[in-house]
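Breakdown of the fold
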Amino acid sequence: MALVIEGEEHIAAPVGKVWEALNDPDILKKAIPGCQSLEKKSDTEMAATVVLKIGPIKATFNGEVTLKNLKPPHSYTIQGEGKGGIAGFAKGGAEVTLTADGPDATVLKYAAKAEVGGKIAQLGSRLIESTSKKLAGQFFSTFGEKVGA
């Protein structure tokens, strides 16, 4: 089952600061809903453990996150894959673009594609889509608050 999620977030910080934050595991860990751990393995690879509840299913996902197509400080592609045991799997990626909105503000745009399988995929497309959009919205609004603070 595939999903597409797009959006944008206005962040009260210059592009350089937002770019640094997008590459900072501590800030990302605080912004990712349900993130238990996020460990930097290299400049472009991280290992993550995330606990998510989708409808009646609560699962712990262990996965890998990779950053590709880096064009500092304007854009990159983030790709990830996680396995949640009997609950199933989730994998996907997002194109993230930063545009200056004056000297002290940034517009972050994202276009994400995700695919889920296993028991989670059996929950129905509406529930999965609404939960995915909610989680993406939570991540980017929390990220914006942390970086703009």
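Placed above this text is the structure.
Predicted model, so just to flag it, every value in this text is computed and none were measured. (Residues numbered from 1 in each chain as written. Predicted model: local features only at pLDDT ≥ 70, side-chain atom pairs only at ≥ 80, totals over all residues. Heavy atoms only, no water.)

**Some thoughts on the pattern of salt bridges**
Put simply, the test is: Salt bridge, as used here: a side-chain nitrogen of Lys or Arg that lies within 4 Å of a carboxyl oxygen of Asp or Glu. The way it works is that DSSP assigns letters per residue, a run of H or I at least four long becomes a helix, a run of E at least two long becomes a strand, and they are numbered from the N terminus.
Inspection of the entire model under this criterion finds 4 salt bridges. Across the salt bridge formed by Lys41 and Glu64, the nearest N and O atoms sit 2.8 Å from each other. Of this pair, Lys41 sits in the loop between strand E2 (35-40) and strand E3 (45-54) while Glu64 sits in strand E4 (residues 57-71), and the two are 23 residues apart along the sequence. Glu129 serves as the salt-bridge partner of Lys133, at 3.2 Å between the closest nitrogen and oxygen. Here Glu129 and Lys133 lie together in helix H3 (residues 125-148), a separation of 4 residues that amounts to about one turn.

**Things to note about the nonpolar core**
Convention followed: Only buried Ala, Val, Leu, Ile, Met, Phe, Trp, Tyr and Cys residues count toward a nonpolar core, and they belong to the same one when joined by side-chain atoms within 4.5 Å. The buried label applies to any residue whose accessible area, calculated with a 1.4 Å probe on protein chains only, is under 20% of its type's maximum; exposed applies above 50%, and partly exposed to all values in between. In what follows, residue pairs with any heavy atoms lying within 4.5 Å of each other are defined as contacts.
Counting 39 residues, the largest nonpolar core has Val18, Leu108 and Phe143 as its most contacted members. At 6 residues, the largest contribution of residues to this core is made by H3. Apart from residues no more than four positions distant in its own chain, Val18 is found in contact with Ile11, Ala13, Leu98, Thr106, Leu108, Phe143 and Val147.

**Details of empty space enclosed by the protein**
The following threshold applies: Only protein atoms enter the calculation, which uses a 1 Å grid: trapped sets of points that fit a 1.4 Å probe without letting it out are cavities, open sets showing protein on both sides within 12 Å along at least five of seven lines are pockets, and any residue with an atom within 4 Å of a point is a lining residue. Grid points are joined across faces, edges and corners, and a volume is the space filled by probe spheres set on the points. Residues are grouped as follows: Ala, Val, Leu, Ile, Met, Phe, Trp, Tyr, Cys and Pro are nonpolar; Asp, Glu, Lys and Arg are charged; every other residue, Gly included, is polar.
According to the stated counting rule, one finds 1 cavity of 30 Å³ or more in the structure shown. A volume near 1,100 Å³ is recorded for the largest cavity. Lining the largest cavity are 44 residues, with Ile32, Leu52, Gly80, Gly92 and Ala114 positioned closest to its centre. Only strand E1 (2-11), E3, E4, strand E5 (75-83), strand E6 (89-100), strand E7 (106-117) and H3 provide two or more residues apiece to the lining of the largest cavity. Here the residues of the lining of the largest cavity are counted per class, giving 30 nonpolar, 10 polar and 4 charged.

**A few points about the environment of Lys83**
Structurally, Lys83 can be placed in strand E5. We classify Lys83 as exposed; its relative accessible area is 54%. Remark: the alpha-carbon pair of Lys83 and Thr49, spanning 34 residues in sequence, is separated by 9.7 Å. With near-sequence residues (within four places) excluded, Lys83 lies in contact with Thr60, Phe61, Asn62, Gly88 and Phe89.

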